[in-house]
Structure formats: C-alpha cells, structure tokens
Amino acid sequence: MSHDPEILRIAGHDVPVVTATTVVVGTGSAGYCAADRLVQFGHDDVVMVADKIHAGASRNAGSDKQTYYKLTLSGGDDDSVREMAQTLFSGGAMDGDNALAEAALSARGFLHLVDLGVPFPQNRFGEFIGYKTDHDPRRRATSVGPYTSRTMVEKLEKKVQADGTRVFDECRVVDVVTAPDPHGGPGARRVAGLLVLRTDVPHDGAESPWLLFRCTNLVYATGGPAGMYATRVFPNGQWGASGAAYRAGVHGKNLTEWQFGLASTKPRWNVSGTYMQVVPRFVSTDADGGDEREFLTEAITDYGRLLTLVFLKGYQWPFDIRKARDGSSLIDLLVYRETVLRGRRVFLDFRRNPVREDFDPTALAPEAYQYLEKAGVLFGTPIERLRRMNEPAYQFYLDKNPYVDLEKEMLEVDVCAQHNNGGLVVDAWWQSNVAGFFPVGEAGGAHGVYRPGGAALNSGQVGATRAAQFIAARRDEKPSDEAAFTDVAAPVLAAALDLTARATGRVAAGVPDNTGDLLRDVQRLMSEKAGPVRSEASIREALDQVHAWLTGYEDLVSADAGSRRAVNRTFLVRDILTSAYVYLSAMADYVAHGGRSRGSVLYTDAEGDLPLVGYGDDAERELDLPDLYRFRLDRGALDEEVQETAWVAPGGTVPAADEASPSAPWVPVVPRDAADAAGVPVFRWRPRRPLPADDDFFENVWRDFREHGNVL
C-alpha cells in the first residue's frame, strides 16, 4: 500500500489526508516493534509517524551497560513467569495483569530481538547468561553494552523497512482526533485520526504544513514527557507528546512516579556502573568554574564511608529515597544541594582520588573492596581504574559531542530526570480508556513505583506486541468515511489554524518571538520545584505559574511565521505546558491523599527526619542539612492503590464512573471553574488490579485459544 496523501477540503482549507487502519506514532524500540508485529499478525494497513526518526531515547540513550530485563534463560536458578510477575508487581501501585503480561511475554519479546540480530551474549550451549540488576532477586538482566536500546531500534527498523511500512518523518503531533464511541458508555470516545504539523514545510502558502491521518487505531509510542524538565538525561530531540493525549481525553496513571539519577549534562549520559565504581572525586565550583571544592566531605566526614557510598552508586544508580536516610542516595541529595540550592556546578574528577592524593582501598567496606580486588584495580587514580575495568566507558566520552577527555577534563553532572514510570493509562492489552488508543513504551503507564533495571525495555516490547495482537484480532475495521472524518477533524484543524494565526500575528505586530523563552521557563520551573525534591509549597507554586501560562496561552505565545522552528515550538510548548499542568496537579493530589516520600522522590515533611550520619557512635544523629530534606517514608502505604488522572476540557464534563471503579469518584485537587481555559485535571484512587489467578488447565486454555486466540 502506498498510503499517499489525498487532498480533502476541511475547515475551509485543502489539507492532505493519509488513510490507514493503524498509525504508529514514534520510531523508537516500542514503535518499531508495534509496526513489525502488526504486519507479522496480518495487519499491514499501517503507517508510522515520527517527530525525527533519528531522535528519541531508544536510539540515543544508554549507560555503561544498558540493561534488558527478561525471564531467566540460563543456569539452574529457579524462575517462573509467576515469580517474575510477582517481582514486577511488588514494586507497588502496578496493575497485576500488566505485570503478568510483561513476565509471560518477556522471553518471546527477547528471543524475537535475538532472531532479528540483537547480539545478546550466550554461552556455547546457547544459554543467555544473565546478571542481577536493581530490584531483581534473580539474574534476569542482560546487555549488549552501552547501546542496547539503540541496537534494538536498528534491528527492528531494518525489519520494518523490509516490510515496506511507510514512515512519515518531520511531524509534530498537534492533536488526536476523536469521535463518540457508540460501543462505550456515557461520554466514551474512540480514535478517528491525528493532526500533525509538518516541520519540514515552510509557512509560505506554497504547500500545506498540516497533515491529517484518518485511522481506526493509534499506537502511541512517543516516549515520556521528557521536555518538561530542564535537568534531564533524555537526549536532545526527545520531547514526548503526552499533552495531546490528555487533551483528547486519554487518562493518566501514576504520574507522580519518575526516576532520577546522576548523569552528565554535556553530553547527556547516565554515570552509573563503572563510572561510580572506580570512585571518582566529586567537586563543585561557582558558576564561572572557580572556587573548586570537594563538597561530599561536609556531610560524609569518614573517608572509608565516603569511598563506599560513591562505589555503591554504581549499581544503586537511581535516586532511591529508601537509601537516602543512611545509604548511597545521600550522594544525590548532596549534589542537588550544590546545583539547585546553592546554584553551583558539580563535576566528577577522574584525574584525582577523593579526599587524599593516594587511594587507600582498605578503607572501603568489604563488598566494595572485594569487587575492586576481583577487578584488579586496587591502585592508582580513578581514570586508571576506569581504563583498566572498562576502556569503552572512557572511549565513549571521546566520541560524543561535546567531546570530553576524562584523562584531562572534569565531567559536569547533575541529578537528572531519566524515566517516567507513570504515564497514559493502559489495560491488559495496552489499550487506554479511549477506544483504539494504545500507549506503549514510556508513554504508557504500565510501571509501578519501583521496577527492576531494564524492565522498561521489556515493557516496551511486550506492550507493543500486546497492542498489535489486539488490533489484528479485534480492531481491524476501516476508518470513518470521509464525511464523518471531516466533521470531527474540522474543529481540531480550525483550532490549530487559529492558534498559529494568533501567535504569528503578534510577531507581525512587533511582539518578539517568545517560544524559546517559554520552553526554557517551564523546564526550569519543573526541575527546581517538581524534581527529585518536592514540597507541597513548591508544587503549588509551580502549579499556579503553569496554570497562568496555560490559561492565557493563546494570547501569550508569539511565533515568527518565517521560522518553522518557532511555529513548531508553538505546539510543542502547549503540549509541555499541558503535561506539566496535569503532572503538577497529580503531585498536589498525591500529597493531599496523604502520600509521602517513595520511589525516586523526596517529599518535604516538616515532621519528618533528616538523613543520618550512618556510621560509628553517632550513626543515628541527623546530619546538618536543610530542612527541605526532612521526610517520612511511604513504606508501602499506597502500594495497593493507583492514582488515575483525567484532563477535563473547558466546558467539558467529568468522566463517568466505570465498572472497574464504580465507587471511585473523579475530583479536582484544586477547585476550578468548569470553563477554566486551562481545563480541569481530576483524579481518582482505585485499588490496583491483582495478579490474575492461574489459568493452567491445558484443555480449557486450548479450547479457548482455538476459538478466539484468547484475545479478549
């Protein structure tokens, strides 16, 4: 199928329209997997849409040993689908059907990647050898090195190209087009299409910069809303498009749950694994690079404890509030104090040892000493240890832009947003509450509070496969006819045209382009007020500001019509502001619901405790740290509940109760007028779906499988 655009007259404009039963949005590992699987399952009326094919986290993010998590496929260790599902489920606030599906399909997804050519290590008998990762009771982790996800993308992309699936590149998601769903309950909606802005087309009238897709299904593999944060390890070009989904009525889930960790900022890269295990020196400077000092010693005065905590950050990499009281995540809080609270810059110095000129490994805790002894690096400087243990980790920074030679330069780092464990709501088949809308990969909120390292890559493959199975078996109907599509697409296109005219008209009248400033302002606000350290006051301050920006956005934004980038940013900033508004509201609702510190976030609590000295006679004494760092642990209090979010459009109606949660009402955390121009986020808390009961009597499963493939 060529899927060439046809010109339709919509909202008084001639607009190109592509018709396909299914549109996959996003060209990362989850998006390509969905497109591949759809064709494999016999559903070939599919196209893909990308912001930029070669951008995104899957293709450009990683670590010194990027992990993929799957069922144990080697050795004599006990393991089972049920046990892996329980591991995922035990992370808290994760729905059991998603956990079971991710465990059940993990081997299938992994071996599919192997067959496509991803070189996961195996021994001479064909066993795929694993190792332990964080939150992992077995040895389920594996890796192909720093770029596991990039290799996955490249192999999946090659398969999709061989299938002949067409990809429309340089497309900014503007809005999802929906229509009433006659098969749903009151107010139910279904997918009808997608409006995108072609960022490669000038706004000179020669060619329409708008492109509409008329479809039955959207597989939404846009990644998490990475563009919300300034301090992030997400690669340049990874923005997300969650705002458009919320505007279309798709609900959110566990939005408060982010993962933060130490990462270099220029270039953006996680400094986990060997980078920490070789025990580099942490230093901070003023904004101009002067006044250099080792700051960890202010709070960690014992030499051996300081070395050990830095070492432990290697495999306790994400900021974990449970390890902040007297463990390795104290390092993250001390870095945050330097960069956010003191306005300084933090660097890793691999040229010199911490505290003392000579490295004394005997001061290390036994766990750290034995590891470095086995690696043969109980000597020298951090860079010497790094090059002995992991030469590619050193070479990596030589090959990046900007170039950093760790033998000669310090590496700037910060506590960065790395992954959103929450996201758009999904059921057991990764379909959202809007019929035909399937969020997969990081866009979908399949995870709970905690997850094993590498579980996100498995989740992306499983979610994409499940969505493709369901679409091929149950949602193969053709899109709406042209007349019906024109009716529902016209107001969406008209609104986009109006916003563009307003924004460009202001620049034409002499108002400077402010799209870049708005983008930077919201990102900085989110990092400072709603990052790894949050308080009720900081959340409310940020929420008030974002609400003000969004309420007046149509009369605030100004964009240069001659700049494709500026017009693109008009919709990018709106999307980020919408996401930030919904996420900040979710954070406020979490606190109002009694939520305390958990996962990768410290929620300031005036009645809480500060981190402890953690060793010696004064082990239980509180450190001299800002009261901002006082917190109380959640301790699993809300593990059995899931927070769900809905954005109600101005003048819209609050979602009706459904069968899954008939007694859980939707309520706003901040009372607002129903006509509020920013919309009204509303929330409900429901019990998480349990792990499904075992269904292992073969004859019954076989009978149902013959009848409908067990796709229900």
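Everything below is about the structure shown above.
Residue numbers run consecutively from 1 along every chain, following the written order of its sequence. Reporting in this predicted model follows two pLDDT cut-offs: at least 70 for local features of residues, and 80 or more for side-chain atom pairs to be given and counted; totals over whole chains, interfaces and linings ignore these cut-offs and use all residues. Hydrogen atoms and water are omitted, and side-chain values are computed over all heavy atoms in the structure.

Draft legend 1. Representation of the sheet that holds strand β2 (residues 13-19). Spatially, 5 strands are ordered β1-β2-β10-β9-β8 in an open sheet, and the strand pairing comes out mixed. Two strands bound the open sheet, and with one partner strand each, they are β1 (6-10) and β8 (171-180). In this sheet, neighbouring strand axes are inclined to one another by 35° on average, regardless of whether the strands run parallel or antiparallel. Pairing between strands requires that DSSP locate at least two bridges from one strand to the other. Secondary structure is summarised from DSSP: a helix means a run of H or I of at least four residues, a strand means a run of E of at least two, and numbering begins at the N terminus for each. Taken together, the 9 bridges between β8 and strand β9 (residues 189-198) define a ladder with antiparallel strand orientation. Paired with Val176 across the strands is Leu194, a residue of β9. The sheet strands contacting helix α15 (residues 482-508) are β1, β2, β8, β9 and β10 (210-214), and the helix crosses β10 at an angle near 150°. The contact rule is simple, with two residues in contact once any of their heavy atoms fall within 4.5 Å. Between the N-to-C directions of two axes lies an angle of 0 to 180 degrees, each axis being a line fitted to C-alpha atoms and, for a helix, fitted only over the stretch in contact. Of the strands in this sheet, β8, β9 and β10 are in contact with helix α19 (residues 564-592), which crosses β8 at around 55°.

Draft legend 2. Structural context of the environment of Gln523. With respect to the element layout, Gln523 can be found in helix α16 (residues 515-529). Between the C-alpha atom of Gln523 and that of Ala230, which follows or precedes it by 293 residues, the distance is 4.5 Å. In this structure, Gln523 is in contact with Gly227, Met228, Tyr229, Ala230, Arg232 and Trp239, ignoring residues within four places of it in sequence.

Draft legend 3. Highlighting the pairing of β9. Burial here depends on accessible area, computed with a 1.4 Å probe over protein chains only, as a share of the maximum for the residue type. Under 20% is buried, over 50% is exposed, and the range in between is partly exposed. Most of β9 is tucked away, with 7 of its 10 residues classed as buried. One ladder, built from 5 bridges, connects β9 with β10; its direction is antiparallel. Paired with Leu197 across the two strands is Trp210, which belongs to β10.

Draft legend 4. Fine view of helix α1 (residues 29-40). By this rule, a helix spans an expected 1.5 Å times one less than how many residues it contains. Taking 1.5 Å of rise per residue, 12 residues should cover 16 Å, and α1 covers 16 Å from first to last C-alpha, within 8% of that figure. Of all 12 residues that make up α1, 10 are buried, and the element is covered over most of its length. Gly42 sits one or two residues past α1 and shows a positive phi near 90°.

Draft legend 5. Region of the structure containing unusual backbone geometry. Here Lys266 and Pro267 are connected by a cis peptide whose omega angle stands at 5°. In this structure, Pro267 sits in the loop between β13 (258-265) and β14 (268-270). Omega for the peptide link from Asn401 to Pro402 comes to 5°, which places this bond in the cis form. Take Pro402: it is sitting in the loop between α13 (391-398) and β17 (411-420). Phi at Asn254 takes a positive value of approximately 55°, unusual for a residue other than glycine. Of note, Asn254 is situated in the loop between β12 (252-253) and β13. For Asn254, a relative accessible area of 2% translates into the label buried.

Draft legend 6. Representation of helix α4 (residues 96-104) in the model. Within α4, 7 of the 9 residues are buried, which leaves the element mostly enclosed by the surrounding structure. Every buried residue of α4 is accounted for by Gly96, Asp97, Asn98, Ala99, Ala101, Glu102 and Ala103. Elements that come into contact with the buried residues of α4 comprise α3 (81-89), α5 (106-116), β12 and α14 (455-474).

Draft legend 7. Examining the packing of aromatic side chains more closely. Centres within 6.5 Å make a pair out of two Phe, Tyr or Trp rings, where for Trp the six-membered ring is used; the pair is then stacked when the planes are under 30 degrees apart, edge-to-face when over 60, and tilted otherwise. Tallied over the full model, the rule gives 25 aromatic pairs. Judged by centre distance (6.5 Å) and plane angle (90°), the ring pair of Phe234 and Trp258 falls under edge-to-face. Linking Phe234 in the loop between β11 (217-220) and α7 (242-247) with Trp258 in strand β13, this pair joins segments that are 24 residues apart in sequence. Judged by its relative accessible area of 2%, Phe234 is buried. Three or more aromatic residues link up through ring pairs in this structure, and these residues are Tyr147, Trp269, Tyr275, Phe350, Phe396 and Tyr397. Throughout this description, the term charge over a ring refers to an Arg CZ or Lys NZ atom that lies within 6 Å of the ring centre and within 35 degrees of the ring normal. Over the ring of Tyr131 we find Lys65; its NZ or CZ atom is 4.1 Å from the centre of that ring. Taking NZ or CZ as reference, Arg706 lies 4.6 Å from the ring centre of Trp702, over its face.

Draft legend 8. Focus on the nonpolar core. Only buried Ala, Val, Leu, Ile, Met, Phe, Trp, Tyr and Cys residues count toward a nonpolar core, and they belong to the same one when joined by side-chain atoms within 4.5 Å. If you look at the biggest cluster of nonpolar residues, it comprises 159 residues, and the most contacted ones within it are Trp210, Phe213, Tyr275, Phe282, Leu406 and Phe437. Per element, the largest residue contribution to this core is 16 residues, and it comes from α19. Met48, Trp430, Val462 and Ala464 belong to the second largest nonpolar core, which has 41 residues in total.

Draft legend 9. The sheet that holds β14, seen in detail. The antiparallel open sheet is built from 5 strands, whose spatial order is β14-β13-β17-β16-β15. Whereas interior strands pair on both sides, the edge strands pair on one side only; in this sheet they are β14 and β15 (281-285). Across this sheet, the average inter-strand angle for adjacent strands is 50°, counted without regard to direction. The pairing of β13 with β17 spans 7 bridges and is classified as antiparallel. Bridge pairing in β17 places Leu262 opposite Val415.

None of the figures reported here should be taken as evidence of function without further support.
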